[in-house]
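Fold and geometry: a report
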Amino acid sequence: MIKKVAVGISGGVDSAVAALLLKRLGYHVEGVFMRNWDHNYEAGFCSGEKDFEDASFVCRKLDIPLHKVYFIKEYWNEVFTVLLKEYETGLTPNPDILCNRYIKFDSFFEHCRNNLGIDAIATGHYANTSFGPYLEFYKENEGVRLLQPRDKHKDQTFFLSQVKQFALRKCMFPIANLLKTTVRGIAKDEGLIQVANKRDSTGICFIGKRRFQDFIEDYIETKKGLFIDIDTGQPVGEHSGIHKWTVGQKCCLANYKHSYFVFKKDLYENNIYVVAGTEHPALWNNLCFTIEPHWIHSEPEELQHNSVLYCYFRFQHTKPLVTCRVTKNAEGLTIFLDKRLRALTEGQFGVMYKNDECLGSAKIKSVCHNVTYKL
């Protein structure tokens, strides 16, 4: 029987309401605030002090204990150093997916299990599982499936697509069946005014208000190169590092009729190939290849039999799902999209869905460009 639950309290409204709902149901609730970035290090930024203040306010109002834990070393080793390495090699990583895999659903779970004696953890993510929002359908000898929440607009399963079974099997998602507007309303009714209308956090947490290009200079050496128009083969500007740019990004080059956008990065020559216009056909593709995938429950039956998996795909959290066909190859997956997408990007995760279930994800290794261009 599950009695004691540790809730990741972030200082936001979603985790606050998750804790509130658990307490209303009679669980013994322990709040845990995670510090993942060293705010004393001037090169980075962390809103942690304000967030901890809000988390403390929530726990006082709900009369639950709040523990502050530090995963700075783990975050640096498992997330930030990986992020830097991938930027250096021309990729565009997703730190949020890595953070959930290694910190919020690994280090956090292990800490709570070993030090707080909990039966389960809970978060304020908009997600659900086959075990139910409160593990009411939990089965000891059965794997858990990650499901989409009721509020599809706030669906966060994309960011959980690399989470391992070990922690997910013992995780509750109390707001799984609530809309965001309802969550804010519950917080207001409970008097949690300090967080009820707090804006959702966006972007990479430790960068804060700094421009990414300024922040990354503190960690990766600046190396100048050229922006080259793929249609003419001519240089159209100069950049100060391929790690500062991602596919589809506007280059802000002056004195040209049409804006230029990043098409491809050449790691060896340190040049960035660009196209004129955001709708340039070179930016739109429907075929990509991945490394070995992570399946949340198990490898889909179709792929086990070397057949074709028909499912849905996205590589950006806010974009609509697109139908696709997935097959296995020697290194990972081959994904054929039924619709061309703009700026498919190496290093990002391709996340797959079927019947409201998030099946898992795989990092995009390469994108097939159906264009010829001048070098």
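Remember, it's a predicted structure, so these values are computed and weren't measured experimentally. Along each chain, numbering runs from 1 in the same order as the chain's sequence is written. Local features are withheld for residues below a pLDDT of 70 in this predicted model, meaning they are given only at 70 or higher, and side-chain atom pairs are given and counted only at 80 or more; totals for whole chains, interfaces and linings count all residues. Where side-chain values are given, they derive from all heavy atoms of the structure, hydrogens and water being excluded.

Looking at the pattern of salt bridges
This is how it is decided: Put simply, a salt bridge is a Lys or Arg side-chain nitrogen that is within 4 Å of an Asp or Glu carboxyl oxygen. In this description a helix means any DSSP run of H or I spanning at least four residues, a strand means any run of E spanning at least two, and both kinds are numbered starting from the N terminus. Note on exposure labels: buried denotes an accessible area under 20% of the residue type's maximum, exposed denotes more than 50%, and partly exposed covers the range between, all computed with a 1.4 Å probe on protein chains only.
Tallied over the entire structure, the rule returns 19 salt bridges. A salt bridge links Asp54 to Lys50; the shortest N-O distance between them is 2.8 Å. One end of the pair is Asp54 and the other is Lys50, both in helix α2 (residues 48-62) and 4 residues apart, which spans about a single turn. The partner of Lys139 in a salt bridge is Glu142, and the shortest N-O contact between them spans 3.8 Å. A residue is classified by how much of its surface remains accessible, and Lys139, at 46% relative accessible area, is partly exposed. Given a relative accessible area of 37%, Glu142 falls into the partly exposed group.

Description of the packing of helix α1 (residues 13-24) against helix α6 (residues 180-189)
What counts, and what does not: For helices, the fitted axis covers only the stretch in contact; all axes are lines through C-alpha atoms, and the angles between them, taken along N-to-C directions, range from 0 to 180 degrees. By the definition adopted for this analysis, an angle is roughly parallel if under 35 degrees, roughly antiparallel if over 145, roughly perpendicular if from 65 to 115, and oblique otherwise. Each helix crossing is assigned a hand: it is left-handed if the near helix lies turned anticlockwise from the far helix by less than a right angle, otherwise right-handed if that turn is clockwise. By definition, residues are in contact when any of their heavy atoms lie within 4.5 Å.
Contact geometry for α1 and α6: axes closest at 9 Å, N-to-C directions at 65 degrees. With respect to α6, the element α1 is oriented roughly perpendicular. For the pair α1 and α6, the sense of crossing is left-handed. Judged by residue contacts, Val13, Asp14, Val17, Leu20 and Arg24 of α1 engage Lys180, Val183, Arg184, Ile186 and Ala187 from α6.

Observations concerning the pairing of strand β12 (residues 284-290)
Quick note on the threshold: Strand pairing is assigned whenever DSSP detects at least two bridges linking the two strands.
Direction of pairing for β12 relative to strand β16 (residues 333-342): antiparallel, over a ladder of 5 bridges. By the bridge assignment for β16, Trp284 is matched with Arg342. Of the strand pairs in this sheet, β12 and strand β18 (residues 357-367) are connected by 3 bridges, and their pairing is antiparallel. Across the sheet, the residue bridging to Phe289 is Ser366, located in β18.

Some details on the sheet that holds strand β7 (residues 171-172)
The 5 strands lie next to each other as β3-β2-β1-β4-β7, forming an open sheet whose pairing is parallel. Each of the sheet's edge strands pairs with one partner strand only, and the pair in question is β3 (66-70) and β7. Pairing between strand β1 (residues 4-8) and strand β2 (residues 28-35): 5 bridges, direction parallel. Its bridge partner being in β2, Val7 is matched across the sheet by Gly31.

Some words on the packing of aromatic side chains
Just so we agree on the cut-off: Any two of the Phe, Tyr and Trp rings considered here, Trp counted by its six-membered ring, make a pair once their centres fall within 6.5 Å; the pair's planes then place it as stacked at under 30 degrees, edge-to-face at over 60, or tilted in between.
The final tally for this structure, using the stated rule, is 16 aromatic pairs. Ring centres of Phe80 and Phe215 lie 6.2 Å apart, and the angle between their planes is 70 degrees; on these two criteria the pair is classed as edge-to-face. With a gap of 135 residues between them, Phe80 in helix α3 (residues 72-88) and Phe215 in helix α8 (residues 212-216) connect regions that are remote in the sequence. The class of Phe80 is buried, set by a relative accessible area of 0%. Geometrically, the ring pair formed by Phe158 and Phe159 is edge-to-face, given 5.3 Å between the ring centres and 90 degrees between the ring planes.

Points about the pairing of β18
Counted residue by residue, β18 has 9 buried out of 11 residues, so it is predominantly covered. Looking at chain direction, strand β13 (residues 294-295) and β18 are connected through 2 bridges and run antiparallel. Pairing of His294 across the sheet is with Ser361, part of β18. Of the pairings in the sheet, the one linking strand β17 (residues 349-354) to β18 comprises 6 bridges and is antiparallel in character. In the sheet register, Tyr353 faces β18, and the bridge partner there is Cys358.

With respect to α1
In plain terms, the rule: By definition here, a helix of n residues has an expected span of 1.5 Å times n minus one.
Taking 1.5 Å of rise per residue, the 12 residues of α1 would be expected to cover 16 Å, and the 16 Å separating its terminal C-alpha atoms lies within 8% of that figure. In terms of residue burial, α1 counts as a mostly covered element, since 10 of its 12 residues are buried. Buried within α1 we find Val13, Asp14, Ser15, Ala16, Val17, Ala18, Ala19, Leu20, Leu21 and Leu22. Just beyond α1, the residue with positive phi is Gly26, at close to 95 degrees.

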